[in-house]
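What the coordinates show
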Amino acid sequence: MMDLERLLRSQGFGSRRETRALIWAGRVGVDGCVCEDPQARFDPEGLVFAVDGVEWICRKFAYLALNKPAGYECSRYPAHHPSVYSLLPSPLLARGVQAVGRLDQDATGLLLFSDDGSFIHRCTSPRKLVPKVYQVETRHPVDDRQVAALLNGVQLHDDPQPVSATACVRLRERCVQLTVTQGRYHLVKRMVAAAGNRVEALHRLSIGGLRLPESLSAGQWMWLDATEMALQALGA
C-alpha cells in the first residue's frame, strides 16, 4: 500500500508539497472518485488515477514507444532543433524517462523511452546485438555491388574491422531495408556512403522484435503496457 501523495510523486507529478496541493485542491481522482486526503492509502499495482481529468495508470517503470518525426534532436538540451522530449507529457519527463539509443534529427521512426536503467542497458549494450531495421532512401540507385558490400562488410574510418549489415533487401531502385546490430554514430549513413551511395531519408521500422505500430502517427507516443512482452520482444 502507498500514500496517495507518495504515489503521485513516484509517477512524476511533483514534490511532496506540489502533490499535496493537487490533492487538497480536489484535482486528483482515484477509480473515478475525487480524493482530497494525501494520506489515503492505495495498492499502486495497476491503480487508475486522474489528475485534472486526465487518466493515468500507476506503473513502477515507464516503457514508451514514440514515432519520431524529422527535425527533432534526441537530447534534453538540443542545439539546433526541438527536443524529442518536448513531445512527451511533463510527468514522464519529471520521472526521468530517457531515450533508449538515438536517431539523428533528420531520421524518423521508432524510438523507445524508459526510466528502467536495466532495460535501457539491455537494449543499448553492444554485446546484446539487438537488431534494428531501417528503411533507407538513397540518392542513387542501389545496385547488386552495393548490396553485397553492405552484407559482406564496409570499411569505416574509425573502425579497423569491416562493419556489415545482417540483412539488406532492395525494396525499390533507390530504397533498401537494412538491418544492423550496432548503434554507432551515424552508422547507417556511413555504411551506405562507404558502399558508394548516400542516404536521403532514414526511417527506423523496428528494434528487436518490436515493430513501430502503423497506427502511431509521427510525433505520437504510446505506452508499452505488457512489460514482459516488450522485454521479450527486444531479446532481453
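Residues numbered from 1 in each chain as written. Predicted model: local features only at pLDDT ≥ 70, side-chain atom pairs only at ≥ 80, totals over all residues. Heavy atoms only, no water.

Read from one edge to the other, the open sheet built from 4 strands follows the order β3-β2-β5-β6, with strand pairing classed as antiparallel. Bordering the open sheet on either side are β3 (33-34) and β6 (54-57), each of which pairs with just one other strand. Pairing analysis gives 3 bridges linking strand β2 (residues 28-30) to strand β5 (residues 48-51), with the strands arranged antiparallel. Note on β5: the bridge partner recorded for Val-30 is Phe-49. (Pairing = 2+ DSSP bridges. Helix = DSSP H or I, 4+ residues; strand = E, 2+ residues; numbered from the N terminus.)

Next up on the list: the pairing of strand β12 (residues 175-180). The element β12 is largely enclosed, with a buried count of 5 among its 6 residues. Pairing analysis gives 6 bridges linking strand β10 (residues 132-138) to β12, with the strands arranged antiparallel. Residue Val-136 lies in a different strand from β12, and its bridge partner there is Val-176. Note that strand β11 (residues 167-172) and β12 share 5 bridges and pair antiparallel. What sits directly across from Val-169, in β12, is Gln-177. Count of turn residues in the β11/β12 antiparallel hairpin: 2 residues. (Buried < 20%, exposed > 50% of the residue type's maximum accessible area, 1.4 Å probe, protein only.)

A full pass over the atoms with the stated rule returns 11 salt bridges. A salt bridge links Arg-139 to Glu-200, with the nearest nitrogen and oxygen atoms 3.2 Å apart. With a gap of 61 residues between them, Arg-139 in the loop between β10 and α5 (144-152) and Glu-200 in strand β13 (residues 199-207) connect regions that are remote in the sequence. Residue classification places Arg-139 among the partly exposed residues on the basis of a relative accessible area of 42%. Here Glu-173 ties to Arg-174 by a salt bridge, and the two come within 3.0 Å at their closest N and O atoms. Note on Arg-174: relative accessible area 38%, which makes it partly exposed. Beyond isolated ion pairs, a larger network of salt bridges with shared partners links Asp-104, Asp-106 and Lys-189. (Salt bridge = Lys/Arg side-chain N within 4 Å of Asp/Glu carboxyl O.)

Grouped together as the largest cluster of nonpolar side chains are 54 residues, with contacts concentrated most on Phe-49, Phe-113 and Val-136. Val-136 has contacts with Arg-174, Cys-175, Val-176, Leu-178, Val-188, Val-192, Val-199, Ala-201 and Leu-202, leaving out every residue within four places of it along the chain. In terms of nonpolar packing, the next biggest core, distinct from the first, is built from 14 residues, Leu-110, Ile-120, Val-130 and Leu-224 among them. (Core = buried A, V, L, I, M, F, W, Y, C linked by side-chain atoms within 4.5 Å. Contact = heavy atoms within 4.5 Å.)

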